[in-house]
Amino acid sequence: MSTVQRRSAGVALAPRRRDRRGRGLRGPLMPTSLPGYRSRAERFDDHVLAAVERLERRWAAQLEGTEFAVEDVPPSNPAPWEHGGVPLGRCFPADAGMPARIVVYRRPLETRAVDEADLADLVRDVLVEQVAHLLARAPEDVDPGYHS
């Protein structure tokens, strides 16, 4: 709390420059220049954002108002149309005032990917499939770079 005045029992205290042992404030545990600075979830979110931006460049009008979300794992009760296996993503069409929503599940995708590049491709393919389902088109029409 170096820049904010602290209050204790109604008395304003000076900002602390050192801890009680005189060692000073702690710095970040890991410098921002190291690869481990960002968590797996944050890196996964970056892959999703990159894929969504790529899709929105081409389908901006059709995806207007569509929400994209990331969840760690899918719910334990599968949808009636899902047959076996773990879903990697789901598409929820717009309904009763709710916007369309596409959800990508992080943990199942991470377990299937070999490395970061493979994860980025897998995320893009899952998003293309879900957008294709939402727009009632073939995935190859949504993204010519799609490979099943």
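Right, let's walk through the structure included here.

Definitions and limits used
- Residues numbered from 1 in each chain as written.
- Predicted model: local features only at pLDDT ≥ 70, side-chain atom pairs only at ≥ 80, totals over all residues.
- Heavy atoms only, no water.
- Helix = DSSP H or I, 4+ residues; strand = E, 2+ residues; numbered from the N terminus.
- Buried < 20%, exposed > 50% of the residue type's maximum accessible area, 1.4 Å probe, protein only.
- Contact = heavy atoms within 4.5 Å.
- Polar contact = N/O pair within 3.5 Å; in protein donor to acceptor, adjacent residues only side chain to side chain.
- Core = buried A, V, L, I, M, F, W, Y, C linked by side-chain atoms within 4.5 Å.

**Thoughts on the overall build of the protein chain**
And then number 1: Helices and strands together make up the secondary structure of the protein chain, namely four helices and five strands.
And then number 2: When its helices and strands are written in sequence order, the protein chain yields β-β-α-β-β-β-α-α-α.
And then number 3: When the 148 residues of the protein chain are sorted by exposure, 28% land in the buried category.
And then number 4: For the protein chain, the proportion of contacts with a sequence separation of at least 24, taken over those separated by at least 6, is 51%.

**Observations regarding the side chain of Arg-106**
And then number 1: With respect to the secondary-structure elements, Arg-106 resides in helix H2 (residues 106–112).
And then number 2: Take Arg-106: its relative accessible area is 9%, and that puts it in the buried class.
And then number 3: Only 3.0 Å separates the side chain of Arg-106 from the side chain of Asp-72, close enough to count as a polar contact.
And then number 4: Excluding residues within four positions of it along the chain, Arg-106 makes contact with Arg-40, Ala-41, Phe-44, Val-70, Glu-71 and Asp-72.

**Structural notes on unusual backbone geometry**
And then number 1: A positive phi is found at Ala-96, a non-glycine position, where the angle reads about 50°.
And then number 2: Structurally, Ala-96 can be placed in the loop between strand E4 (89–92) and strand E5 (101–105).
And then number 3: The backbone phi angle of Ala-136 is positive, close to 55°, even though this residue is not glycine.
And then number 4: One can find Ala-136 in the loop between helix H3 (116–135) and helix H4 (139–142).

**So, the nonpolar core**
And then number 1: Counting 22 residues, the largest nonpolar core has Phe-44, Leu-55, Leu-109, Val-123, Leu-127, Val-131 and Val-142 as the members making the most contacts within it.
And then number 2: Of the residues forming this core, the biggest block, eight residues, is contributed by H3.

**A closer look at the environment of Met-30**
And then number 1: With respect to the helices and strands, the residue Met-30 is situated in the loop between strand E2 (11–13) and helix H1 (40–59).
And then number 2: For Met-30, the contacting residues outside a window of four places in its chain are Gly-36 and Tyr-37.

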